[in-house]
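Report on the structure
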Amino acid sequence: ERRLSKSEVPFCVFGPKACRQSGCALSFIRDPNAAVADFVAHCVKAGVQSVLQVSKKTGCNVDAFDDLVKAGVRVAEWTTPVRLEFGRAEGTQRGALEAFRRRFRKEGRAWLPELMFFTDDYVASGALAALLLEGVRIPEDLKVVSLANAGLGPVYPMSLTRMVHDGTAHGDALAEAVMAILAKRKVRGATKIGPVYVTGESFPFPEK
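So, a few notes on the structure that sits alongside this text.

Calculation notes
- Residues numbered from 1 in each chain as written.
- Predicted model: local features only at pLDDT ≥ 70, side-chain atom pairs only at ≥ 80, totals over all residues.
- Heavy atoms only, no water.
- Phe/Tyr/Trp six-rings, centres within 6.5 Å; stacked < 30°, edge-to-face > 60°.
- Helix = DSSP H or I, 4+ residues; strand = E, 2+ residues; numbered from the N terminus.
- Buried < 20%, exposed > 50% of the residue type's maximum accessible area, 1.4 Å probe, protein only.
- Contact = heavy atoms within 4.5 Å.
- Core = buried A, V, L, I, M, F, W, Y, C linked by side-chain atoms within 4.5 Å.
- 1 Å grid on protein atoms, 1.4 Å probe; cavity = no way out; pocket = protein on both sides within 12 Å on 5 of 7 lines; lining within 4 Å.
- Points joined across faces, edges and corners; volume = space filled by probe spheres on them.
- Nonpolar A, V, L, I, M, F, W, Y, C, P; charged D, E, K, R; others polar.
- Axes fitted to C-alpha atoms, helices over the stretch in contact; angles between N-to-C directions.
- Left-handed = near helix turned anticlockwise from the far one by under 90°.
- Pairing = 2+ DSSP bridges.
- Expected span 1.5 Å × (residues − 1).
- Polar contact = N/O pair within 3.5 Å; in protein donor to acceptor, adjacent residues only side chain to side chain.

Regarding the packing of aromatic side chains
- Per the stated rule, a full pass over the model turns up seven aromatic pairs.
- An angle of 35° between the planes, with centres 4.9 Å apart, marks the rings of Phe39 and Phe117 as tilted. Taken as a pair, Phe39 in helix H2 (residues 36-46) and Phe117 in strand S5 (residues 115-118) lie far apart in primary sequence, 78 residues in all.
- Taking the centre distance of 6.2 Å and the plane angle of 45° together, the rings of Phe100 and Phe118 count as tilted. In this pair, Phe100 is assigned in helix H4 (residues 88-107) and Phe118 in strand S5, connecting sequence segments 18 residues apart.

Some thoughts on the side chain of Ser5
- Residue placement: Ser5 occurs in helix H1 (residues 2-7).
- The class of Ser5 is buried, set by a relative accessible area of 13%.
- If near-sequence neighbours (up to four positions away) are discounted, Ser5 is found in contact with Phe11, Gln21, Ser22, Gly23 and Cys24.

Remarks on the nonpolar core
- Grouped together as the largest cluster of nonpolar side chains are 23 residues, with contacts concentrated most on Val54, Phe100, Trp111, Met116, Phe118 and Leu128.
- Listing elements by their share of this core, those giving two or more residues are strand S3 (50-56), H4, S5 and helix H5 (121-134).
- Here this core takes six residues from H5, the largest share from any one element.
- Each residue touching Leu128, except ones within four places of it in the same chain, is listed here: Ile138, Val144, Pro154, Tyr156 and Leu160.
- Cys43, Leu68, Leu115 and Phe117 belong to the second-largest nonpolar core, a separate cluster that totals 19 residues.

As for the layout of surface pockets
- There is about 180 Å³ of room inside the largest pocket.
- In terms of lining, the largest pocket is formed by 17 residues, of which the most central are Arg30, Asn61, Leu147, Asn149 and His165.
- Elements supplying a minimum of two residues to the lining of the largest pocket: H5, strand S6 (143-149) and helix H6 (167-182).
- When its residues are assigned to classes, the lining of the largest pocket shows five nonpolar, six polar and six charged.

Concerning the packing of H4 against H5
- Where H4 meets H5, the closest approach of the two axes is 7 Å, and the angle between their N-to-C directions is 35°. Considering how the two elements wind past one another, H4 and H5 form a crossing that is right-handed. Mapping the contact onto sequence places Arg88, Ala89, Thr92, Gln93, Ala96, Leu97, Phe100, Arg101 and Phe104 in H4 and Tyr122, Val123, Ser125, Gly126, Ala127, Ala129, Ala130, Leu131, Leu133 and Glu134 in H5.

What about the pairing of strand S2 (residues 24-30)?
- Along S2, five of the seven residues are buried, which leaves the element largely enclosed by surrounding structure.
- By the bridge criterion, five bridges tie strand S1 (residues 11-15) to S2 in an arrangement that is parallel. Within the sheet, the bridge partner assigned to Val13 lies in S2 and is Ser27.
- Inspection of the sheet shows S2 paired to strand S8 (residues 190-193) by four bridges, in the parallel sense. Following the sheet pairing, Ile29 is matched in S8 by Lys192.

Examining H5
- Compared with an ideal rise of 1.5 Å per residue, which puts 14 residues at 20 Å, H5 spans 20 Å between its outermost C-alpha atoms and is within 8% of the ideal.
- Among the residues of H5, Asp121, Tyr122, Val123, Ala124, Gly126, Ala127, Leu128, Ala130 and Leu131 are the ones counted as buried.
- Looking at the packing, one finds that the buried side of H5 touches S3, strand S4 (74-80), H4, S5 and S6.
- Its side-chain oxygen 2.8 Å from the backbone nitrogen of Tyr122, Asp120 forms the N-cap of H5.

Okay, here's the thing in structure tokens:
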């Protein structure tokens, strides 16, 4: 970034924070928690009392824990293993499926919260399969919210309430900004991008 600034060639940065260099024409700030506020507001409006945030052991893609606590929601965390011998995607799905099935065999359904939030779409795929096998009704027995990538599941018989990453839309916005800079039009110095909150049948908005 410093070298580019010295060259006097305008440039854009896509990353976790804004660029401070003088030659940077635009920063696209990636905020993985961009949809958390809408999710928490939905929980509060629906009167949700307990949430289990489920992540994979190798990392958490989005984190709603602290915001839920601040909103007065009782929240716990659980990480499921990744079976790396099957690769990242299938290994994450298998790890979640097996962890859920083991927990159901050991504890029955007593551990289920009011709402389950999956911070990874592959974890959600494995867990949802386990929930189907157990006969858990969604949203009657358990409300579900998941992280999702546009065009890449997780697949379930009903529409999921989800935080959707749309990489194509982000790429389009970045390309349009670059074109504007090349045309010497004014653009905003920093733009936040991240997932958007989409309501589905797995956690519908409360009826008025």
